[in-house]
Amino acid sequence: MDDKAINRALTRIAHEILEKNKGASDIILIGIKTRGVPLANRLAERIKSIEETVVPVGIVDITLYRDDLSKETIDPVIHGSKVDVDISDKTAILVDDVLYTGRTVRAALDALVDIGRPKSIQLAVLVDRGHRELPIRADYVGKNVPTSKDEVVKVNLQEVDQDNCVMIDKL
């Protein structure tokens, strides 16, 4: 995906979010660190341009919730979660770049419920590459990209990588 394809996908996801939730009044976007955060901010901008409503954006850091964080990991880098609004009785929409096994989303769900108890939780991803290991599916998908397990989907975003593109590489 190039920059234009990413922008089209995010615009479509923003419209789908608004349609499914009948507007933006009770939603909060929660970006999963790292690349989910700029994607959540971009979605918030698009929703504001469509609905003229400011949607709060939070950040969730799943570092301590990962099931692959071994005891040998001496000092994991923790950036912390930041959600400045009460998520109770809101629809929290987790935003991430790539949905693969589902383990990142499971960790994000655990982190989110430690912050509060939303009315419901939805999932928006830029790319769904398949190969789920957990029963998790996205509510909003920018692009479904069938891959093999020996491929890597790499998302570059201007805010993090100084470029906007999605590529598939071999391991």
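The name given to the protein chain in an unreviewed UniProt entry is Bifunctional protein PyrR, and the organism recorded there is Anaerovirgula multivorans. Under the heading Catalytic activity (unreviewed entry), UniProt records this for the protein chain: "UMP + diphosphate = 5-phospho-alpha-D-ribose 1-diphosphate + uracil".

Chemist: Would you explain helix 2 (residues 36–51) in this entry?
Modeler: Three- or four-residue spacings in an α-helix give side chains the same orientation, since the helix completes a turn every 3.6 residues. End to end, helix 2 covers 22 Å across 16 residues, agreeing with the expected 22 Å (1.5 Å per residue, within 8%). When helix 2 is considered as a whole, its buried residues turn out to be Gly36, Val37, Pro38, Leu39, Ala40, Arg42, Leu43, Ala44, Arg46 and Ile47. In this structure, the buried residues of helix 2 make contact with helix 1 (3–20), strand 1 (27–32), strand 2 (57–60), strand 3 (91–99), strand 4 (120–128) and helix 4 (158–161). Following helix 2 by one or two positions, glutamate 52 has its phi on the positive side, about 55 degrees.

Chemist: Would you take a moment to explain the pattern of salt bridges for this structure?
Modeler: If the charged atoms of two oppositely charged side chains come close together, the side chains can form a pair. All chains considered together, the criterion is met by ten salt bridges. Taking the shortest distance from any N to any O, the salt bridge between glutamate 159 and arginine 42 comes out at 2.7 Å. In this pair, glutamate 159 sits in helix 4 while arginine 42 sits in helix 2, placing the two residues 117 residues apart along the sequence. On the basis of relative accessibility, which here comes to 46%, the residue glutamate 159 falls in the partly exposed class. Linked through salt bridges whose partners overlap, the residues forming this network are Lys20, Arg137 and Asp139.

What counts and how
- Residues numbered from 1 in each chain as written.
- Predicted model: local features only at pLDDT ≥ 70, side-chain atom pairs only at ≥ 80, totals over all residues.
- Heavy atoms only, no water.
- UniProt positions renumbered as here; feature names shortened; annotations may be inferred.
- Helix = DSSP H or I, 4+ residues; strand = E, 2+ residues; numbered from the N terminus.
- Expected span 1.5 Å × (residues − 1).
- Buried < 20%, exposed > 50% of the residue type's maximum accessible area, 1.4 Å probe, protein only.
- Contact = heavy atoms within 4.5 Å.
- Salt bridge = Lys/Arg side-chain N within 4 Å of Asp/Glu carboxyl O.

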